[in-house]
Amino acid sequence: PWNGGMISTQNAKLRISGNERFKGVLKLEKIPLDMLLRSLTGDRASATGAVSGNVPLMVDDKGNMVIQGGNLAAPEQGKIILMPDAIPGNNQQLDI
């Protein structure tokens, strides 16, 4: 359980050595988007609503997290509110 929702893993592999230390799929069920965004942005973003879906995650031996593919969906409409300093500018990691 996480803030009223559920996060679990599927097909998880944990390795003691090698480049891919953790590889698996995070399964998110009814995760409150507000708590998720606040924790990821240091309270520079907030939201209403919840999301569910699957997120493939790989953590390498340096602690870098890589997410490729996956899907998240919201069963109801909501809002995302960003502080001006939370809106990325010239950032290679953002591709909209």
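Below is a short write-up of the structure. Since we're looking at a predicted model, the values are computed, not measured.

Things to note about the environment of alanine 45
Among the secondary structure elements, alanine 45 is positioned in strand S3 (residues 45–47). Each C-alpha atom of the pair alanine 45 and proline 84 lies 9.4 Å from the other, and the pair is 39 residues apart in sequence. When neighbours within four sequence positions are excluded, alanine 45 is seen to be in contact with Leu37, Arg38, Ile81 and Leu82.

Some points on the pattern of salt bridges
One pass over the full model with this rule turns up four salt bridges. A salt bridge links lysine 23 to glutamate 20; its shortest N-O distance comes to 3.7 Å.

A look at unusual backbone geometry
In this model, lysine 30 sits at a positive phi of 55 degrees, which is unusual for a non-glycine residue. For lysine 30, the position within the fold is in strand S2 (residues 20–32). Under the relative-accessibility criterion, lysine 30 is labelled exposed at 61%. Unlike most non-glycine residues, aspartate 43 shows phi in positive territory, near 65 degrees. Mapped onto the elements, aspartate 43 comes out in the loop between helix H1 (33–41) and S3.

Remarks on the side chain of aspartate 60
Topologically, aspartate 60 is positioned in strand S4 (residues 50–60). A distance of 2.9 Å separates a polar side-chain atom of aspartate 60 from the backbone nitrogen of lysine 62. Not counting the four nearest positions on each side in its chain, aspartate 60 is found in contact with Asn19 and Arg21.

Some words on the environment of leucine 28
With respect to the element layout, leucine 28 can be found in strand S2. Judged by its relative accessible area of 9%, leucine 28 is buried. For leucine 28 and serine 8, which are 20 residues apart along the polypeptide, the C-alpha to C-alpha distance reads 6.8 Å. Excluding anything up to four places from it in sequence, leucine 28 contacts Met6, Ile7, Val51, Ser52, Gly53, Val55 and Leu72.

Quick word on the pairing of S4
As paired strands, S2 and S4 are joined by 10 bridges and run antiparallel to one another. Residue leucine 26 lies in a different strand from S4, and its bridge partner there is valine 55. Where S4 and strand S6 (residues 71–73) come together, three bridges link them in antiparallel fashion. Each bridged residue has a counterpart across the sheet, and for glycine 53 the counterpart in S6 is leucine 72. Looking at chain direction, S4 and strand S5 (residues 65–67) are connected through three bridges and run antiparallel.

About the thresholds
- Residues numbered from 1 in each chain as written.
- Predicted model: local features only at pLDDT ≥ 70, side-chain atom pairs only at ≥ 80, totals over all residues.
- Heavy atoms only, no water.
- Helix = DSSP H or I, 4+ residues; strand = E, 2+ residues; numbered from the N terminus.
- Contact = heavy atoms within 4.5 Å.
- Salt bridge = Lys/Arg side-chain N within 4 Å of Asp/Glu carboxyl O.
- Buried < 20%, exposed > 50% of the residue type's maximum accessible area, 1.4 Å probe, protein only.
- Polar contact = N/O pair within 3.5 Å; in protein donor to acceptor, adjacent residues only side chain to side chain.
- Pairing = 2+ DSSP bridges.

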